[in-house]
Amino acid sequence: MQPASAKWYDRRDYVFIEFCVEDSKDVNVNFEKSKLTFSCLGGSDNFKHLNEIDLFHCIDPSDSKHKRTDRSILCCLRKGESGQSWPRLTKERAKLNWLSVDFNNWKDWEDDSDEDMSNFDRFSEMMNNMGGDEDVDLPEVDGADDDSQDSDDEKMPDLE
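Only a predicted model underlies this, so the values are computations on that prediction, with no experimental measurement involved.

Peer 1: Can you help me understand unusual backbone geometry in this one?
Peer 2: Excluding glycine, residues mostly carry a negative phi; peptide bonds, for their part, are mostly trans. Positive phi, close to 50°, is recorded for aspartate 23, a residue that is not glycine. Secondary-structure assignment places aspartate 23 in the loop between strand 2 (14-19) and strand 3 (25-31).

This is the structure:
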């Protein structure tokens, strides 16, 4: 028996943990106020996995859930205190070799408000509004189309 590899990420109201076990069977997820216990049989050899996690903060066990797919089990833990950041998943600072941060889904939500658009969305909107209409009248610039010689159009001396 060994722990299943897992990835986690933080959101404003939830913490997500994905246990990466292919072809899982007999999945059991037990949500407690400050602990999560996960177990299953996985792979073609029905290897037994067991993970016990003492959580960084409390969760709402009645509003937490999980979903099994062919490749993983995703657990959605409802935070006990909404809007509180979790700098790590576990109570202890210990590095667990089976646990990593899911940077593909990570979002620094603390600095964002729900109403604000992300910087990328604002940039995309600005670029879309900067259209290249052909009918736009540009202001006249004095001398822009003038082919007369300027004072700096004199012949340069040859280099030696």
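Let us keep going from here.
Peer 1: How do you make sense of the nonpolar core when you look at a structure like this?
Peer 2: Most often, soluble globular proteins keep nonpolar side chains buried together rather than apart. Formed by 23 residues in total, the largest nonpolar core has its most connected members in Ile17, Phe19 and Leu89. Listed by contribution, the elements that provide at least two residues to this core are strand 1 (6-10), strand 2, strand 3, strand 4 (35-42) and strand 7 (73-78). When neighbours within four sequence positions are excluded, leucine 89 is seen to be in contact with Trp8, Val15, Ile17, Ile53, Asp54, Leu55, Phe56 and Leu99.

Peer 1: Please clarify how the sheet that holds strand 3 should be interpreted in this entry.
Peer 2: The pairing of strands in a sheet comes from backbone hydrogen bonds and takes either a parallel or an antiparallel form. Across the sheet, three strands lie side by side as 3-4-5; this open sheet has antiparallel pairing. Each of the sheet's edge strands pairs with one partner strand only, and the pair in question is strand 3 and strand 5 (47-54). Recorded for the sheet is a direction-independent mean angle of 5° between the axes of neighbouring strands.

Peer 1: Looking at this model, I keep getting lost on the sheet that holds strand 7. Mind explaining?
Peer 2: Within the open sheet, the five strands sit side by side as 6-7-2-1-8. Their pairing is mixed. Every interior strand has two partners, whereas the edge strands, strand 6 (65-68) and strand 8 (99-101), have only one. Taken pair by pair, the neighbouring strands of this sheet meet at an average axis angle of 20°, ignoring direction.

Peer 1: How do you make sense of the packing of aromatic side chains when you look at a structure like this?
Peer 2: Any aromatic ring pair is given by two values, namely how distant the centres are and how the planes are angled relative to each other. One pass over the structure, following the stated rule, counts four aromatic pairs. Taken together, a centroid distance of 4.9 Å and an interplanar angle of 15° make the contact between tyrosine 9 and phenylalanine 16 stacked. Taking 6.1 Å as the distance between ring centres and 40° as the angle between the ring planes, the aromatic pair formed by tyrosine 14 and phenylalanine 16 counts as tilted. Assessed through its relative accessible area of 16%, phenylalanine 16 is described here as buried. Chaining the aromatic ring pairs together yields one cluster made of Tyr9, Tyr14 and Phe16.

Cut-off values and rules
Residues numbered from 1 in each chain as written. Predicted model: local features only at pLDDT ≥ 70, side-chain atom pairs only at ≥ 80, totals over all residues. Heavy atoms only, no water. Helix = DSSP H or I, 4+ residues; strand = E, 2+ residues; numbered from the N terminus. Core = buried A, V, L, I, M, F, W, Y, C linked by side-chain atoms within 4.5 Å. Buried < 20%, exposed > 50% of the residue type's maximum accessible area, 1.4 Å probe, protein only. Contact = heavy atoms within 4.5 Å. Pairing = 2+ DSSP bridges. Axes fitted to C-alpha atoms, helices over the stretch in contact; angles between N-to-C directions. Phe/Tyr/Trp six-rings, centres within 6.5 Å; stacked < 30°, edge-to-face > 60°.

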